[in-house]
Amino acid sequence: MFKSSENNSIFILTFNKRLQENIFDNLGIKMKSNKKETQTNYNILGHKIYDKRYKQEQKIKYSIILNNVKFLTNEVILDHGCGTGLFIELIKNPVVGIDNSSGLLTGALKKVKRKENKYLVQGDVDHLPFRDNIFQKLFSFTVIQNLENPSDTLMEILRVTKGLKIITVLKKAYDKKDLICLIEKSRLENTKIIDREESKDWLLLIK
Ligand SMILES: C[S@@+](CC[C@H](N)C(=O)[O-])C[C@H]1O[C@@H](n2cnc3c(N)ncnc32)[C@H](O)[C@@H]1O
């Protein structure tokens with residue numbers, strides 16, 4: 001299921017920050033300084049504070065989305081930028097979660113370790129270590145605004161997912177005009193934008 005290449009991300013979970021940064025360096029992945037900064041910031045924040053601070057806010061988004069999406073048994077899902085695994089916990093289907101923050105993945109590991117069909121990968125969402133069209137659905141909650149070249153990130157999403165893609169983007173980072181520009185630039189056809197007052201994110205459903 002997983003594809004490996006020189007330029008790709010890591011398959012293993014490693015929770016030692018220095019070791020993790022060395023692995024990135026050793027693999028020669030050129031992490032732009034702000035990508036590395038984002039990673040460091042999430043590591044410093046850690047999974048306990050993340051959940052305390054953001055769990056309720058994220059759950060509002062999950063609940064809107066789960067009311068709009070049907071899952072078929074055995075569809076394999078990618079949780080793109082899964083963080084502490086708050087969304088993975090809610091899903092019965094097989095799920096792969098990918099994130100580059102060991103600090104947040106530690107929390108995800110605690111949540112999924114007794115569950116079947118849940119897999120975690122530490123890696124960079126701009127270099128997804130997966131084959132083309134391998135996932136039936138993809139969920140990306142509040143990740144895109146962290147990336148320097150979101151169009152490239154979206155291209156990777158399209159590459160690995162053959163079915164529905166749900167992407168949420170912080171409203172405070174993108175106004176509606178910017179969001180539409182991003183959708184057009186990334187040639188995202190069949191995109192429905194859901195704007196709900198109770199959600200801090202735009203919710204995009206892409207067929
Ligand atoms: C606001 S958090 C959202 C986490 C999770 N989706 C949720 O609903 O709680 C943004 C997540 O994106 C991850 N992230 C940011 N840039 C990334 C990158 N280049 N590769 C992998 N993960 C990244 C962060 O580590 C963090 O977990």
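These numbers come from a predicted model, not from an experiment.

Ranked by size, the top nonpolar core spans 36 residues in total, and within it Leu-78, Phe-87 and Ile-98 carry the most contacts. Elements that contribute at least two residues to this core include exactly β1 (77-80), β2 (95-99), α3 (102-112), β3 (118-122), β4 (137-141), α4 (150-160), β5 (165-170) and β7 (201-206). Dropping the residues within four chain positions of it, Ile-98 is found in contact with Leu-78, His-80, Cys-82, Val-121, Gly-123, Val-125 and Leu-128.

Attention now moves to the sheet that holds β4. On the basis of which strands lie adjacent, the open sheet formed by seven strands has the order β3-β2-β1-β4-β5-β7-β6 and mixed pairing. What marks the edges here is a single partner per strand, and that holds for β3 and β6 (191-194). For this sheet, the mean inter-axis angle between neighbouring strands, taken without regard to orientation, is 20°.

This part is about the pairing of β1. Across the two faces of β1 the burial is the same, with Ile-77 and Asp-79 and Leu-78 and His-80 all buried. In this sheet, β2 lies alongside β1 in parallel orientation, the contact comprising four bridges. Counterpart to His-80 in the pairing with β2 is Ile-98. As defined by bridge partners, β1 adjoins β4 across three bridges and the pair is classed as parallel. Along β4, the bridge assignment pairs Leu-78 with Leu-138.

Criteria and cut-off values
Residues numbered from 1 in each chain as written. Predicted model: local features only at pLDDT ≥ 70, side-chain atom pairs only at ≥ 80, totals over all residues. Core = buried A, V, L, I, M, F, W, Y, C linked by C-beta atoms within 7 Å. Buried ≥ 20, exposed ≤ 12 C-beta atoms within 10 Å, placed from the backbone. Helix = DSSP H or I, 4+ residues; strand = E, 2+ residues; numbered from the N terminus. Contact = placed C-beta atoms within 7 Å. Pairing = 2+ DSSP bridges. Axes fitted to C-alpha atoms, helices over the stretch in contact; angles between N-to-C directions.

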